[in-house]
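Take a look at the letters that make up each chain.
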Amino acid sequence: MVDKKVLIGLSTGEHIRKAEFLPFFMALERPANTLTASIHGQSPARSRNILAETAIENGCTHVLSLDDDMIRPKDTLMRLLAHDKDIVSALYLLRTFPHYPAMFDKKYDSGKCRFAFLTPDKKGLIPIVNGGLGCVLISTRVFESLEKPWVRLAEIAKDEWCDDIGFFNRVSEAGFDIFCDLDTKVGHILSLHMWPELTEEGWFTNYKHLTGDVRIAQNIPTTKEVITEEARQLELELV
């Protein structure tokens, strides 16, 4: 990987969404000549364009496009680089329920795309039609092959950002192949409301997120576990 020079590009709003992002970001393993840049602003498209321009100006071969609401294993960049592809994404799920993967296997005439669902037969490195910009390694020659601005808002729907879908549609039309590494998984940070909920099956902890509900049965210790814990506490009190 001596010939590869990466710009790790972070697009944010005025603030990083969650502090837990930082330790994972700082722990990312990277080649010795890797650069890091962060652009904050109201338009993610403009931020990503500036990051790509910065990579080209500094002679980088790749841009690792990152969002600030994800946590990544420390070997994420090195694993993506090892595939030696123009475009390869890590696997992550969308924030909104039902949390489909950020990858697509069909493009419609409207420019919108169909999700590539995570069926059991899918594993390893797979080709995709479209993906997300949350954690994807892109060769700078991809940007050099496209008209500016590279990333644009509202290409697919006038009242939505659609910056990633529109970008990858044009990338595909330019003849570049897009891949997703299903073995390189990324966590998406969510904001949740946790509620106690009583159903016919008993009490549950309900993690509410937008339109989604994830119910986990309340942990009810066995009589033996309760007695064991009480005995342990009594010993502690005696001491």
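Presented here is a report on the structure given in the accompanying data block. (Residues numbered from 1 in each chain as written. Predicted model: local features only at pLDDT ≥ 70, side-chain atom pairs only at ≥ 80, totals over all residues. Heavy atoms only, no water.)

**Overview of a nonpolar patch on the surface**
As a reminder of what qualifies: Patch membership is restricted to residues that have no salt bridge and whose relative accessible area is over 30%. Joining uses 9 Å for like charges and 5 Å for the nonpolar side chains Val, Leu, Ile, Met, Phe, Trp and Tyr. Reported accessibility uses the Shrake-Rupley method at a 1.4 Å probe radius. Residues are deemed covered only where the shown protein chains occlude them. Every case where a carboxyl oxygen of Asp or Glu lies within 4 Å of a side-chain nitrogen of Lys or Arg is listed as a salt bridge. Comment: elements are numbered from the N terminus, with helices defined as DSSP H or I runs of at least four residues and strands as E runs of at least two. Any residue under 20% of the maximum accessible area for its type is buried, any over 50% is exposed, and the rest in between are partly exposed; the area is computed with a 1.4 Å probe on protein chains only.
Taken together, the side chains of L192, M194, Y207, V214 and I216 make up a nonpolar region of the molecular surface, amounting to roughly 460 Å² of accessible area. Among the structural elements, I216 can be located in strand β15 (residues 212–217). Residue classification places I216 among the partly exposed residues on the basis of a relative accessible area of 45%.

**As for the sheet that holds strand β14 (residues 202–209)**
Note the threshold: One requirement defines pairing of two strands: DSSP has to find at least two bridges between them. Simply put, an axis is a line fit to the C-alpha atoms, just over the touching stretch for a helix, and the angle between two N-to-C directions goes from 0 to 180 degrees.
Taken together, 3 strands build an open sheet; the order of strands is β13-β14-β15 and the sheet is antiparallel. Each edge of the open sheet carries a strand with a single partner, namely β13 (193–199) and β15. Taking the axes of each pair of neighbouring strands and ignoring which way they run, one obtains an average angle of 35 degrees across the sheet. Here 6 bridges tie β14 to β15, and the two strands are oriented antiparallel to one another. The partner of K208 across the bridge, within β15, is D213.

**Side note on the side chain of D181**
The line we're drawing: His residues and chain termini do not enter the charge count, which takes Lys and Arg as positive and Asp and Glu as negative. Between N or O atoms, a polar contact is any pair within 3.5 Å; within protein, one atom must be a potential hydrogen donor and the other a potential acceptor, and residues adjacent in sequence are included only when both atoms are from side chains. Pairs of residues are marked as contacts when any of their non-hydrogen atoms sit within 4.5 Å.
By secondary structure assignment, the location of D181 is in strand β11 (residues 178–185). Here D181 is buried and forms no salt bridge, its nearest opposite-charge partner R79 lying at an N-O distance of 4.4 Å. A distance of 2.9 Å separates the side chain of D181 from the backbone nitrogen of D183, its partner in a polar contact. Those residues in contact with D181, other than ones at most four positions away along the chain, are R79, L80, H83, V88, S89, A90, L91, G124 and L125.

**Digging into the state of the cysteines**
What counts, and what does not: Any cysteine sulfur atom paired with another within 2.5 Å is treated as part of a disulfide.
Following the criterion strictly, the structure yields 0 disulfides and no others. Left unpaired, C60 is separated from the closest cysteine sulfur, that of C135, by 17 Å. With no disulfide of its own, C180 has C135 as its nearest cysteine by sulfur position, at a separation of 9.6 Å. With a relative accessible area of 1%, C180 lands in the buried category.

**Quick look at the nonpolar core**
What counts is decided by this rule: Nine residue types can take part in a nonpolar core, namely buried Ala, Val, Leu, Ile, Met, Phe, Trp, Tyr and Cys, and a core is a set of them joined through side-chain atoms within 4.5 Å.
Ranked by internal contacts, the top residues of the largest apolar core, which has 29 residues, are I87, M103, I138, V142, F167 and V171. Those elements that provide at least two residues to this core are α2 (44–57), β5 (87–91), β8 (125–128), β10 (135–139), α4 (140–144), α5 (163–173) and β11. Per-element accounting of this core gives the leading share, 4 residues, to α2. Residues contacting V171, with those up to four places away along its chain left out, are I87, V142, L146, F176 and I178. By size, the runner-up hydrophobic cluster in this structure holds 21 residues, among which are L28, A90, L137 and F179.

**Some remarks on the side chain of S11**
In this structure, S11 sits in strand β1 (residues 6–12). Excluding residues within four positions of it along the chain, S11 makes contact with I39, P44, S47, R48, L51, L66, D67 and D68.

**As for the sheet that holds β5**
Ordered by their spatial adjacency, 7 strands build an open sheet running β2-β1-β3-β10-β5-β11-β8, and the pairing between neighbours is mixed. Both outer strands of the open sheet, β2 (35–40) and β8, are each paired with one neighbouring strand and no more. The sheet shows a mean angle of 25 degrees between the axes of neighbouring strands, taken without regard to direction. As paired elements, strand β3 (residues 62–67) and β10 share 5 bridges and run antiparallel to each other. Note on β10: the bridge partner recorded for H62 is S139. Sheet strands touched by α2: β1, β2 and β3. Its angle to β1, the strand with the most contacts, is close to 160 degrees. Contacts from α5 reach β5, β10 and β11, with the element oriented near 125 degrees to β11.

**A look at α2**
The following threshold applies: How far a helix is expected to stretch is found by multiplying one less than its residue total by 1.5 Å.
With 14 residues, α2 ought to run about 20 Å at 1.5 Å a step, and its terminal C-alpha atoms sit 20 Å apart, in line with that. All buried positions along α2 are accounted for by P44, A45, S47, R48, N49, L51, A52 and A55. G59 occupies a position one or two residues after α2 and carries a positive phi of about 70 degrees.

**Digging into the environment of T34**
Structurally, T34 can be placed in the loop between α1 (21–26) and β2. When its relative accessible area of 14% is taken as the criterion, T34 is described as buried. Spatially, the C-alpha atom of T34 lies 9.7 Å from that of H62, the residues being 28 residues apart in sequence. Discounting residues that sit within four places of it in the chain, T34 has contacts with V6 and I8. At 2.8 Å, the side chain of T34 and the backbone oxygen of P31 are in polar contact.

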